[in-house]
Protein chains: 4
Amino acid sequence: MIINIHLDAPPETLGQVADSLAQANIRARQTQFGGRTVIVTESNLDEKTCTTLLKMQAVESIVEILDPYPLCSLQTRPQRTTIRIRDFAVGPNDFSIIAGPCTVESEKQVLTTAEQVKAAGAKALRGGAFKPRTSPYAFQGLKLEGLKILQKVSRETGLVTVTEAMSSEEVKMVSEYADVVQIGTRNAQNYRLLETCGEARVPILLKRGFSNSLDEFLMAAEYILAGGNEQVILCERGIRTFETYVRYTLPAGAVPALKLTSHLPVIVDPSHAAGRADLVASLSYASVASGADGLLVEVHPDPKHALCDGRQSLTPDEFSKMVRICEGIRKAVGC
Amino acid sequence: MIINIHLDAPPETLGQVADSLAQANIRARQTQFGGRTVIVTESNLDEKTCTTLLKMQAVESIVEILDPYPLCSLQTRPQRTTIRIRDFAVGPNDFSIIAGPCTVESEKQVLTTAEQVKAAGAKALRGGAFKPRTSPYAFQGLKLEGLKILQKVSRETGLVTVTEAMSSEEVKMVSEYADVVQIGTRNAQNYRLLETCGEARVPILLKRGFSNSLDEFLMAAEYILAGGNEQVILCERGIRTFETYVRYTLPAGAVPALKLTSHLPVIVDPSHAAGRADLVASLSYASVASGADGLLVEVHPDPKHALCDGRQSLTPDEFSKMVRICEGIRKAVGC
Amino acid sequence: MIINIHLDAPPETLGQVADSLAQANIRARQTQFGGRTVIVTESNLDEKTCTTLLKMQAVESIVEILDPYPLCSLQTRPQRTTIRIRDFAVGPNDFSIIAGPCTVESEKQVLTTAEQVKAAGAKALRGGAFKPRTSPYAFQGLKLEGLKILQKVSRETGLVTVTEAMSSEEVKMVSEYADVVQIGTRNAQNYRLLETCGEARVPILLKRGFSNSLDEFLMAAEYILAGGNEQVILCERGIRTFETYVRYTLPAGAVPALKLTSHLPVIVDPSHAAGRADLVASLSYASVASGADGLLVEVHPDPKHALCDGRQSLTPDEFSKMVRICEGIRKAVGC
Amino acid sequence: MIINIHLDAPPETLGQVADSLAQANIRARQTQFGGRTVIVTESNLDEKTCTTLLKMQAVESIVEILDPYPLCSLQTRPQRTTIRIRDFAVGPNDFSIIAGPCTVESEKQVLTTAEQVKAAGAKALRGGAFKPRTSPYAFQGLKLEGLKILQKVSRETGLVTVTEAMSSEEVKMVSEYADVVQIGTRNAQNYRLLETCGEARVPILLKRGFSNSLDEFLMAAEYILAGGNEQVILCERGIRTFETYVRYTLPAGAVPALKLTSHLPVIVDPSHAAGRADLVASLSYASVASGADGLLVEVHPDPKHALCDGRQSLTPDEFSKMVRICEGIRKAVGC
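One structure accompanies this document, and this report is about it.

As for the sheet that holds strand β4 (residues 59-63) of chain C
Residues and elements named next belong to chain C. The strand order β2-β3-β1-β4 describes an open sheet built from four strands, whose pairing is antiparallel. With one partner strand each, in any of the chains shown, β2 (28-33) and β4 form the two edges of the open sheet. Each neighbouring strand pair of the sheet contributes to a mean axis angle of 25°, computed without reference to strand direction. As paired elements, strand β1 (residues 2-5) and strand β3 (residues 36-41) share three bridges and run antiparallel to each other. The partner of Asn4 across the bridge, within β3, is Val38. Where helix α2 (residues 47-54) meets the sheet, it contacts β1 and β4, and its direction lies at approximately 155° from that of β4.

Written as structure tokens, this is what we have:
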């Protein structure tokens, strides 16, 4: 349940609410949501407690939300959330493509790609500075140097930047140099990291854990919202199944199912799902047709010589053609 | 490998080919494909055997196909197959929607639905007469009576009919009364049934086994083609994964991956994948955007009172709206 | 629900029961179970119908079974079923190992293996005459000739024989030549085949479909019991997951979970699960420790030269050592 | 590849090795392993580089390991690793059971359980102080207070303690108060956390990610070994599949497959796999029979009133009976 606190409630009146919940043995958490203070309870309140609370000066209203992720729930915010940074926006009326190389390799590589994807219609630039690698012996990214390159290219091109952080320290570093912090699939249930994201003041692009249910995915987002950061972009990137012709199976129903449940914008990463360039365009079309608010796509000026994941990167030309078709699909489905 | 036999090769010259293969210890199978006799070998031929065979009067050419399903392979027939019955066609230039109730309940129910889906743009009518049920105590379909209803409605509406067969005997019965024999997901590796389909002279709509790899799916189709029946429509219908918000996860990449591999037309059944009506339209859009040649959709005039699977059936109005949007998507992706 | 009919109820009194159920709109099926006539209903009966039925001459008692597979349910037969053929028995007090080659290749191969596995403690011989093959071009088994070899070897060694049937015709053929009909994983939901097994008068070894839930597995067994054949051995053989170091993941909990639910004996096939010989013994030990009533193991006198699946076959020596350890484990777990 | 450095090689001679690898464009990492300095390379060395290196004063030998996790590989250490803390040991000749409540609730609860599991044969005590919870509103554990309780109970009972850490800070805190740091399934690919574990000087109990392949699991362990900490206990705890009668499917083949590949000890957590108490004993027996070096089991003096996961906790009596049977199985399999 969500207890909405009056906008002008004096802070000292909140203690009474907390006491009342403690007496009723209800675990609860106070946070900011939609520009106001709210208190979210773990479980439902009985009628008596509700009545008591509603009489308190601080309490404006109490809303029953059946979903276990009340702040993410569409019931809480039927008008849906739009995340907006400069020209870039994802939300019910704003479709945006984030594109760029898997890994930041050099300023030249990033700048070239940035200019090409911008020309093709991308609104944001992706590129990894901290790389989660299965092997401790593999290239781990350019780290701070990579962040600086992203920042420089962003200043030159005007593109918004998105890059991954793998620890609380990295969230802070990324927040300084980039516009959006990405949380990867392997950290999708790294609750300490999600808590740090809740304290951050930049939007978070949260990937679904590759074996998480949609409920677990939304609960991960709820960690961030409960921490006070409402700017979360959900990103489906494929799940692990028995299939082998793709790296991960992209479930065609995930986007519409998430949008029936949550007000948060939902984008899709077709590149990591496919793991092969020749399926990326088709997966993008499927995603847009099923209602995705955006895409996160790997593009490399020279995929064959990419340091990482070249096999799944589009060339700028392929990307450009794909963007145009996506626009047509969006019109066809009435977005 | 495929050994193409001369169109006018006297049958007695084929024995020589068989002898030569037997001597080389190569298992092989003779069948009809593309209007001619071909011999498909299990394994590759060595150069000496090839040379010997090519000198024989009966042999026109030998084609090396690396796929384990040579007759289904796109390498064998790059121009792709179109399945055509009266007005109905599925193939590279022909998109068709097959719609109708899960189960044939009565003549009135089928006729009403048929007229409604035809008006909305469906080219074929689906409806189960033999129903594969998990429980031996559940309703098993109207059987022969159901087939007769389908035939009558087909004559009145002109719609092509598609209905399932679960045994070799049923394949024969369905072939008499309906236009297309459907093989369900639970029989996707019922090889004796597939062999009977190979002998049938009607098109086969073959559903993917819900835990079959794409290779296993194509091998099932190969059983039918190897039996002499080239008219196979592949149907993706979702796979079993850990996900629970849908009955089966519809892999967004299956259609494009199949079309990169095989010349057979590929359609999608979004209804059985979703298992809930509110996702069927989105899954249909995703399927069409990713290149599906057609859809198989459950429509019921009164889903709440359907005998079976009403939860996943569209109303005729919902269906009609969906068909129009699918047409727009097809244009957008350039089909 | 199960309606138990009096042992001496005149057949004509059953019509009254059927009429009463039809009036109440309850689907039901009459069969033989535990040496008597029973009527199984699809859904629960209301109190009024129960009262009416209990007054009828034919009805002895009505038992409410909550499981959707009432005849398989442990509630129906708490004392558990033992399947017994000559020396061979599987059940609560009888552990039996079925061993032999994947495929019947020749009389000599089968006889040699039979003698070796018998010496090591096997009570039954397995060997495929009809082989379900993914490819239509692969060796399909010796068929009738294979059945005759099995029968001959059975007569010489006294071993009970188990072999697969893939169609209703093959069930009849196998019933004539072998002792137990095996239904393979790919036919686990081939309901027409299961119906034929219900009419057969030999025990059925039913493998779990590699992506079937335990409920679907038991419902498949229920098809056979509902047909009048109570002699069903359940066989877990691994499920399809994302794992790749084995062909199929063998769930350590399947045997105990099945035994908490059903009275039917449960055995395990570690060979097809592992797909590699070096894990077969460990999977066997795990199965026995978790309560399996028997094992189905591939043994080949010369695995490297096996026509099929040699990679997963034990040598007779490995098998012999494994059997002794299994006996020790059974004692340790108190069987 | 592993480059073994002479025990008495002066540190300054290592620069030459690094230079040579850098020139050959080979990524490498220096660490301590088996009491000596080693350099592990990401990829194989060509013959020329090998020859050059072998001539250097610092280099004793170069070992080619084909596995991508050279330090974990059984090839590197065929004699297998034993982890030993006071009375507790897990390894080829030492079987140990770690038992205790899911969550540290109070000193009394922990002390009672500790005494009971010790009496039954447990060698170590588990209990969560930092709890990874799907919901941000759920009880998150007693944290530092919980660690202090564990330490106190350990001092009173002599039991070794195992408890989870979810961040680098928590690894440090846990190292101070407990004997073994547990890394949970949701952090199995949290590489920054694994790096911290590499720097820790206490043993790490590493759970398999519930959708990680065995290779990914061993690569996670390799992160810890590459960081200089060889004391890793691998813990299988079940994987996510389509099955629903258990929380996670426990693969019967994981333990033997891991032991064929790695020298690290492997234990099993049957409690989190099953998610229900009535299967825990059977899963334990299966695990021990398949070669597990230990078990991690939830035991609660009063499961019905546990704060967390009571549904899967054994009572002390059930636990005691289970331990005795496990000992019998170990003898039967010849451990």
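A few points about unusual backbone geometry
Its identity is not glycine, yet Lys143(A) carries a phi of approximately 55°, on the positive side. As for its placement among the helices and strands, Lys143(A) is situated in the loop between β8 (124-126) and α4 (144-157). One non-glycine residue, Arg80(B), adopts positive backbone phi at about 70°. Along the polypeptide, Arg80(B) turns up in the loop between β4 (59-63) and β5 (83-85). Look at Arg80(B) and you get partly exposed, because its relative accessible area is 24%.

Regarding the packing of aromatic side chains
All names here are of chain A. For the structure on display, the rule yields eight aromatic pairs over all chains. Their ring planes at 40° and their centres at 5.4 Å tell us that Phe210 and Tyr248 sit as a pair that is tilted. Taken together, the positions of Phe210 in the loop between β11 (204-207) and α7 (214-226) and Tyr248 in the loop between β12 (232-236) and α8 (254-261) put the pair 38 residues apart, joining distant regions of the chain. There is no split in this pair, since Phe210 and Tyr248 are both buried.

Describing the pairing of strand β11 (residues 204-207) of chain C
Residues and elements named next belong to chain C. The two faces of β11 match: Ile204 and Leu206 on one face and Leu205 and Lys207 on the other face are all buried. Direction of pairing for strand β10 (residues 180-183) relative to β11: parallel, over a ladder of three bridges. Across the sheet, Gln182 pairs through a bridge with Leu205, a residue of β11. What joins β10 to β11 is helix α6 (residues 191-199), and the crossover it makes is right-handed. Both β11 and strand β12 (residues 232-236) contribute to a ladder of four bridges, which runs parallel. Across the sheet, Leu205 pairs through a bridge with Ile233, a residue of β12. Read as a crossover between parallel neighbours, the route from β11 over helix α7 (residues 214-226) to β12 is right-handed.

Some details on the side chain of Ser154(C)
Residues and elements named next belong to chain C. Tracing the backbone shows Ser154 in helix α4 (residues 144-157). Classification of Ser154 by relative accessible area gives buried; the value is 11%. Apart from residues no more than four positions distant in its own chain, Ser154 is found in contact with Arg86, Leu159, Thr161 and Asp179.

Observations concerning the pairing of strand β3 (residues 36-41) of chain D
β3(D) sits mainly inside the fold: six of its six residues count as buried. Going residue by residue along β3(D), you find Arg36(D), Val38(D) and Val40(D) tucked away on one face and Thr37(D), Ile39(D) and Thr41(D) tucked away on the opposite face as well.

So, the relation of the copies chain A and chain D
Aligned on chain D, chain A shows an RMSD of 0.0 Å; the corresponding rotation is 180° and the shift along the axis is 0.0 Å. The relationship between the two copies is best expressed as a two-fold rotation axis. Every residue of chain A has its C-alpha some distance from the rotation axis, and the shortest such distance is that of Ser211(A), at 3.1 Å. The residues that chain A uses at the interface reappear at the interface of chain D in 100% of cases, marking a shared surface.

Quick word on the nonpolar core
Among the nonpolar cores identified, the biggest contains 345 residues, and Leu206(A), Leu234(A), Phe319(A), Phe319(B), Phe319(C) and Phe319(D) are the most heavily contacted of them. Those residues in contact with Phe319(A), other than ones at most four positions away along the chain, are Ile97(A), Ala99(A), Val117(A), Ala120(A), Ala122(A), Val297(A), Val299(A) and Leu314(A).

So, the interface of chain A and chain D
A common way to report how large an interface is uses the accessible area buried once the components associate. Each side of the interface is counted separately: chain A has 38 residues, and chain D has 38 residues. Between chain A and chain D lies a buried interface of about 3,300 Å² when both sides are counted; carbon and sulfur atoms form 52% of it. Of all residues in chain A, Pro136(A), Tyr137(A) and Arg192(A) give up the largest surface area on contact with chain D, accounting jointly for 25% of the area buried on that side. Our count for the contact surface shared by chain A and chain D stands at four salt bridges. For Arg240(D), the salt bridge is made with Glu216(A), and the minimal N-O distance between the two is 2.6 Å. Viewed at the interface, chain D and chain A are joined by 15 residue pairs in polar contact (both at pLDDT 80 or more). For the side of chain A that touches chain D, the secondary structure elements donating two or more residues are α5 (168-177), α6 (191-199) and α7 of chain A. Looking at the side of chain A that touches chain D, the element that brings in the most residues is α7(A), giving five residues. Split into classes, the residues belonging to the side of chain A that touches chain D amount to 16 nonpolar, ten polar and twelve charged.

Quick look at the packing of helix α5 (residues 168-177) of chain C against α6(C)
Residue and element names in this part refer to chain C. Running from amino to carboxyl end, α5 crosses α6 at an angle of 30°, the nearest separation of the two axes being 9 Å. When the interaxial angle is binned, α5 and α6 end up roughly parallel. Crossing handedness for the pair α5 and α6: right-handed. Between α5, through Ser168, Val171 and Lys172, and α6, the contact on the second element is made entirely by Arg192, Leu193, Thr196 and Cys197. Grouping the amino acids of the contact of α5 with α6 by side-chain chemistry returns three nonpolar, two polar and two charged.

Analysis parameters
- Within any chain, residue numbers begin from 1 and follow the written order of that chain's sequence.
- Following the order in which they are written, the chains are lettered starting with A and the ligands numbered starting with 1.
- Where local features are concerned, this predicted model is filtered to residues with pLDDT of at least 70; where side-chain atom pairs are given and counted, the filter is 80 or more; whole-chain, interface and lining totals use all residues.
- Processing note: side-chain calculations cover all non-hydrogen atoms of the structure and skip hydrogens and water entirely.
- For two strands to be treated as a pair, DSSP must find at least two bridges joining them.
- Starting at the N terminus, helices and strands are each numbered in turn, a helix being any DSSP run of H or I of at least four residues and a strand any DSSP run of E of at least two.
- Lines are fitted to the C-alpha atoms to define the axes, a helix being fitted only along its stretch in contact, and any angle between axes, read from their N-to-C directions, falls within 0 to 180 degrees.
- Contacts are residue-level and defined by heavy atoms, with any inter-residue pair within 4.5 Å sufficient.
- Buried residues are those whose accessible area, probed at 1.4 Å on protein chains only, stays under 20% of the maximum for their type, while exposed residues exceed 50% and partly exposed ones sit between those limits.
- Under the pairing criterion, centres of Phe, Tyr and Trp rings, with the six-membered ring standing for Trp, must be within 6.5 Å; the plane angle then separates stacked pairs below 30 degrees from edge-to-face pairs above 60, leaving the rest tilted.
- Every crossover in which the path from the first strand over the helix to the second runs clockwise, viewed with the strands pointing away from the viewer, is termed right-handed.
- The atoms used to superpose the copies are C-alpha atoms, taken from residues with pLDDT of at least 70 in both, and the fit is least squares.
- Think of a nonpolar core as a cluster: buried Ala, Val, Leu, Ile, Met, Phe, Trp, Tyr and Cys residues, connected wherever their side-chain atoms sit within 4.5 Å.
- Buried area: the sum, over both parts, of the accessible surface (1.4 Å probe) that disappears when the two are put together.
- In the sections that follow, a salt bridge refers to a side-chain nitrogen of Lys or Arg positioned within 4 Å of a carboxyl oxygen of Asp or Glu.
- For the purposes of these results, a polar contact is taken to be a pair of N or O atoms within 3.5 Å, where, inside protein, one atom must be able to donate a hydrogen and its partner to accept one; residues adjacent in sequence count only when each atom of the pair is a side-chain atom.
- Amino acids outside the nonpolar list (Ala, Val, Leu, Ile, Met, Phe, Trp, Tyr, Cys, Pro) and the charged list (Asp, Glu, Lys, Arg) are all regarded as polar, and Gly is one of them.
- Should an angle lie under 35 degrees it is considered roughly parallel, over 145 roughly antiparallel, and from 65 to 115 roughly perpendicular; all remaining angles are considered oblique.
- For a crossing to be left-handed, the near helix must be turned anticlockwise from the far one by less than a right angle; the clockwise case is right-handed.

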